[in-house]
Amino acid sequence: MTNTEENFYVRLTGKYFAMSAIVFLSALIAFVLMARPTSALTCTFASAGGATAQDFNTAANWSCAQVPTNGDRVIIPGNTTTIATGLTITISSVSSTGNLNLMDSTLSASSTLDVSAGGAVTSTSGSITITSTSTIAGSVSSTSGTLTFSGSASTTATGRVSNNSGNTLFSAAFTNAGIFNIGSGSATTTGILTNSGTIGTMTGTLSVGSNFTNSGTYSVNTGTFRLTGSGDQSITGSAFYNLASIKTGGTATFITNAVTVTSTLVTANAGTISSAALAVTITGASTIGGTTVVTSTTGVLTFTGAVTSDGSIGTISGNILFSSTYGNTGTFDVGSGTATTTGAFTNSGTVHVAPGTWQAVSTITNTGTIVLGAGVIKHTAESALLTNSSGTQTATFTTGDSVYITVEDGNRNLDGTAVETMSVSLNVDSSGGSDSEALTLTETGAATGIFRGSLALVNSSFVSTGNSQLEISATGVATSQYTDNQDSADVTSDTAALSYVSAAASGSSSGGGGLGSAGTQAIAPIQTQFQTYTQNIASLGLSIHALVKLPDDKDPNTQIDSAVYYIGADGKRHAFPNNRVYFTWYSSFDGVQIIGATQLASIPLGNNVTYKPGKKMVKFTTDAKVYAVSKGGILRWVKTEAAAVELYGTMWNQNIDDISDAFYSNYSFGADISSIADFNPAQVEASVAVPTDSLKM
């Protein structure tokens, strides 16, 4: 082997290999190049034309003769044709005065996106993620992909960020001095959003997770402005189309300007929306969901559209107005201001009225709880009428009837889970005098807001107020008056004629009543007769309400000496038909006085004492009907077993006495009983103390 041969032999690991000089030199150059440290390249896209002219992955299209990699500076000249497809590279920085269409590209954390005026960066259906600061004087947009700005971003007056049906995400602060458009997709800002340019929501959604400061234009179009995040926010803005909240905590407070929402307000999750001291008006429908709170400190909240809420709506010292229907299954708070509901209000949640005023113009339907505190509900009663037992307005009542008052007033139904009561006054006037009685009304059922109660209308030779029965001695007029205990201006009254029927005309013994054929009696003779009877009682050393009987004659075959009489307020003696009647009034015979036969005979005999009202139920031996006893010896048929259980409990059938048909004339009959709303035994019994309170005069 000679030195003149063109081949060199290199000994490697003990062997010789032959190679040409050209190959050797090439390998040596490659080795030197590989060993040299690399440095960042500046790569300008310069299309070589042909079939690959639009391909960013073709090295020949770059001035650096290779596809750029991380750390390289990439320049896209303004005359570059938009690349529609095929880009999958990762680039570190872009300085653009032209058009760059990226399908799925990421700028690394060390990079900066600067789009010069007239330049554009567009994603058709992929995503662009910029992880550091971005300054946009040109245009960055997404057709249906996602634009993500991980670092702070800003637009100059000529800058534009937009998406069509895609999404845009700002993870840091975004300052817009140009145009920021959201098409039918969504834009989300988790950092502070500052706008001095124009924001157009088109039909999409702008979700704001931090403060929103707006000194420019926010074009509502038909888009949605949505509050997000868990922290406090301040919101500057005066007009929104749809307003929504998915906050999980914190308070979003509107500042600076009055706010109008021209379409819907929809919330979910938690958090608070506060108008503070501003006026906020929602003209469309509102749905307040989750545990969201919508509140005003001193401002005015106005809901023009229908409201449905299982969240919380209220004010502290401001006012609130609901112009349409309001359905509350959550909480409705009336602070120290005024809340007005002009539409129908339904509640199955909780209402707090403390210490303000709730002006309810329309109906209140409550199956939940209304807590008044120191507050006031002003709501005109639907009706307050003199009725029969079914609640039908009645024009005329006749002695022996029960006079019912039926009041419908939604704001008196505070506990929608329980039957409640109220008190009213009932007055009667006739030529024989006036009677005035307080009457307790019982709600006809939980949550009905209808209250009903009754008093017996009885004949009486004299009128005694406060004895829980209506007494007349001649034809007259009954007047009921209901005054709302929450609103003294809410006064409702009704009148009905009273038809007087004499005891003689009704087949009852008057006990010396001396009635004329017309069924009336002069007042003066009645009063004179009454005075004579009571004077006689006094002359015998007895008193009104005394119990008397004859001495025991020791003859077991006679019964006259066992009869006990009650001295009534009319000066007459009234016999107890048997021990069963007696023991509904008294627990023993300890108070019975013994008088002689002459003394007893000098006391006129009046009607028999009847069962104490409310104490027991009774039936006649030849009649299967069971009756409750009302004042004046008025029997009222208990129509069903269910009603009997409601009145006297599950052992109701052990609380019934039989009455001999011989005493049928001692009683008269009133309206039937369907429930405790028609007849409350405990209240009726408490309304009488002595037999005079229930005697048929």
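## Here's the deal with the overall build of the chain
And then number 1: Helix and strand content of the chain: six helices and 66 strands.
And then number 2: Surface accessibility of the chain: about 29,100 Å² in total, with carbon and sulfur atoms responsible for 54%.

## Digging into the sheet that holds strand S64 (residues 634-637)
Backbone hydrogen bonds hold the strands of a sheet together, and the pairing may be parallel or antiparallel.
And then number 1: Pairing in this open sheet of five strands is mixed, and the strands run S65-S62-S63-S64-S66 from one edge to the other. Whereas interior strands pair on both sides, the edge strands pair on one side only; in this sheet they are strand S65 (656-659) and strand S66 (668-669).
And then number 2: The pairing of strand S63 (residues 627-630) with S64 spans four bridges and is antiparallel. Along S64, the bridge assignment pairs Ala628 with Arg636.

## Concerning the packing of aromatic side chains
And then number 1: Counted according to the given criterion, the structure contains 30 aromatic pairs.
And then number 2: Between the aromatic rings of Phe174 and Phe180, the centroid separation amounts to 5.1 Å while the plane-to-plane angle is 90°, which identifies the pairing as edge-to-face.
And then number 3: Judged by its relative accessible area of 0%, Phe174 is buried.
And then number 4: Phe180 sits in the buried class, given a relative accessible area of 0%.
And then number 5: Arranged with centres 5.3 Å apart and planes meeting at 90°, the rings of Tyr582 and Phe583 form a pair that is edge-to-face.
And then number 6: Among the residues examined, Phe583 registers a relative accessible area of 38% and is labelled partly exposed.
And then number 7: Over the face of the ring belonging to Tyr565 we find Arg573, whose NZ or CZ atom lies 5.0 Å from the ring centre.

## Details of unusual backbone geometry
And then number 1: Cis peptide bonds are those with omega within 30 degrees of zero, and the linkage from Ala354 to Pro355 qualifies with 0°.
And then number 2: Mapped onto the elements, Pro355 comes out in the loop between strand S44 (350-353) and strand S45 (357-360).
And then number 3: At Ala65, a position not held by glycine, the phi torsion is positive, near 65°.
And then number 4: Along the chain, Ala65 falls in the loop between strand S3 (42-44) and strand S4 (73-76).

## Quick notes on the pairing of strand S62 (residues 617-620)
And then number 1: Alternating residues of S62 divide into Met617 and Lys619 and Val618 and Phe620, and every residue in both groups is buried.
And then number 2: Sheet analysis places S62 next to S63, joined by two bridges and oriented antiparallel. Within S63, the position partnered with Val618 by the bridge is Tyr627.
And then number 3: Where S62 folds back onto S63 in an antiparallel hairpin, the turn is made up of six residues.
And then number 4: Across four bridges, the pairing between S62 and S65 is parallel. For Phe620, the partnering residue across the bridge sits in S65 and is Ile659.

## A look at the side chain of Asp561
And then number 1: The topology assignment puts Asp561 in the loop between strand S58 (547-549) and strand S59 (565-567).
And then number 2: Within the structure, Asp561 has its side chain in polar contact with the backbone nitrogen of Asp553 (distance 3.0 Å).
And then number 3: Not counting the four nearest positions on each side in its chain, Asp561 is found in contact with Lys549, Leu550, Pro551, Asp552, Asp553 and Lys554.

## Notes on the pairing of strand S22 (residues 205-208)
And then number 1: A two-sided burial pattern is seen for S22, the buried positions comprising Thr205 and Ser207 on one face and Leu206 and Val208 on the other.
And then number 2: Note: strand S19 (residues 186-189) against S22, four bridges, orientation parallel. What sits directly across from Ser186, in S22, is Thr205.
And then number 3: As judged from the four bridges shared by S22 and strand S25 (residues 224-227), these two strands associate in the parallel manner.

## Some details on the sheet that holds strand S33 (residues 279-282)
And then number 1: The strand order across the open sheet formed by eight strands is S27-S30-S33-S36-S39-S42-S45-S48, and the pairing between neighbours is parallel. Every interior strand has two partners, whereas the edge strands, strand S27 (239-240) and strand S48 (376-378), have only one.
And then number 2: Summarising the sheet, S45 and S48 pair through three bridges and their orientation is parallel. Note on S48: the bridge partner recorded for Gln359 is Lys378.

## With respect to the side chain of Ser275
And then number 1: Tracing the backbone shows Ser275 in the loop between strand S32 (272-274) and S33.
And then number 2: A polar atom in the side chain of Ser275 sits 3.2 Å from the side chain of Ser296.
And then number 3: Setting aside chain neighbours within four positions, we find Ser275 in contact with Phe254, Val280, Thr295, Ser296 and Leu301.

## Let's talk about the environment of Gly200
And then number 1: Mapping Gly200 onto the fold places it in strand S21 (residues 198-200).
And then number 2: Of the residues examined, Gly200 reaches a relative accessible area of 3% and is grouped as buried.
And then number 3: Other than its neighbours up to four places away in sequence, Gly200 contacts Phe180, Asn181, Ile182, Ser219 and Asn221.

## Things to note about the confidence of the model for the chain
And then number 1: Residue-level pLDDT values for the chain average 81, and 79% of them are 70 or greater.
And then number 2: Contacts for the low-pLDDT stretch residues 1-37, under 50 throughout, to residues beyond four places or in other chains number 20 contacts.
And then number 3: Within the model, pLDDT remains below 50 along residues 503-528, and this stretch shows 32 contacts once partners closer than five positions in the same chain are excluded.

## So, the environment of Ser219
And then number 1: As for its position among the elements, Ser219 is in strand S24 (residues 217-219).
And then number 2: Residues Ser219 and Thr201, 18 residues apart in the sequence, show an inter-C-alpha distance of 6.6 Å.
And then number 3: With near-sequence residues (within four places) excluded, Ser219 lies in contact with Ile199, Gly200 and Thr201.
And then number 4: Within the structure, the side chain of Ser219 is placed 3.2 Å from the side chain of Asn221, a separation counted as a polar contact.

## Notes on the pattern of salt bridges
Opposite charge on two side chains permits them to pair, given that their charged atoms come into close proximity.
And then number 1: In this structure the tally under the stated criterion is four salt bridges.
And then number 2: A salt bridge links Asp658 to Lys619; its shortest N-O distance comes to 3.8 Å. Placement of Asp658 in strand S65 and of Lys619 in strand S62 is noted, with a sequence separation of 39 residues between them.
And then number 3: Residues joined by salt bridges that share partners form a network here, namely Lys612, Lys615 and Glu685.

## Points about the nonpolar core
And then number 1: Formed by 55 residues in total, the largest nonpolar core has its most connected members in Phe149, Phe180, Leu206, Phe225, Phe303, Phe332 and Trp358.
And then number 2: Counting 23 residues, the second-largest nonpolar core is a separate cluster that includes Ala381, Leu426, Phe451 and Leu455.

## What to know about helix H5 (residues 641-648)
And then number 1: Those residues of H5 that sit buried are Ala643, Ala644, Leu647 and Tyr648. Each buried residue of H5 lies within a common arc of 105° when the element is viewed along its axis, so the set occupies one face. Across H5 from its buried face, at more than 90 degrees, point the exposed residues Glu641 and Ala642.
And then number 2: Looking at the buried positions of H5, the neighbouring elements they touch are S62 and helix H6 (681-686).
And then number 3: Positive phi appears at Gly649, one or two residues downstream of H5, with a value of about 85°.

## Examining the environment of Lys619
And then number 1: A residue is classified by how much of its surface remains accessible, and Lys619, at 19% relative accessible area, is buried.
And then number 2: Considered as a pair, Lys619 and Asp657 are 38 residues apart in the sequence and their alpha carbons are 6.4 Å apart.
And then number 3: Those residues within four positions of Lys619 in sequence are excluded, and the remaining contacts are Ala624, Lys625, Val626, Ile656, Asp657, Asp658 and Ile659.

Reading guide: rules and limits
- By convention here, each chain's residues receive numbers from 1 onward along its written sequence.
- Since the coordinates come from a predicted model, pLDDT governs what is reported: local features require at least 70, and pairs of side-chain atoms require 80 or more to be given and counted, while whole-chain, interface and lining totals use all residues.
- For the side-chain quantities, the full set of heavy atoms in the structure was used; hydrogens and water were omitted.
- Strands here are runs of E lasting at least two residues and helices are runs of H or I lasting at least four, both read from the DSSP assignment and numbered beginning at the N terminus.
- Per-residue accessibility takes into account occlusion by the displayed protein chains alone, with areas from the Shrake-Rupley method and a 1.4 Å probe.
- Note: two strands are recorded as paired if DSSP finds a minimum of 2 bridges between them.
- Paired rings are identified among Phe, Tyr and Trp, the last through its six-membered ring, by centres lying within 6.5 Å, and are further divided according to the angle between planes into stacked (under 30 degrees), edge-to-face (over 60) and tilted (the rest).
- Whether a residue is buried, partly exposed or exposed follows from its accessible area with a 1.4 Å probe, protein chains only, as a fraction of its type maximum: under 20%, in between, or over 50%, in that order.
- Criterion for a charge above a ring: Arg CZ or Lys NZ at most 6 Å from the ring centre, at most 35 degrees from the ring normal.
- We call two N or O atoms a polar contact when they sit within 3.5 Å, provided that within protein one can donate a hydrogen and the other can accept it, with sequence-adjacent residues counted only if both atoms are side-chain atoms.
- Whether two residues touch is decided by their heavy atoms; if any such pair falls within 4.5 Å, the residues are in contact.
- Confidence of the predictor in every single residue is expressed as pLDDT, which spans 0 to 100.
- One speaks of a salt bridge when a side-chain nitrogen belonging to Lys or Arg is within 4 Å of a carboxyl oxygen belonging to Asp or Glu.
- By convention a nonpolar core is built from buried Ala, Val, Leu, Ile, Met, Phe, Trp, Tyr and Cys residues, the set being connected through side-chain atoms within 4.5 Å.
- Here the arc refers to the directions that run from the helix axis out to each C-beta atom.

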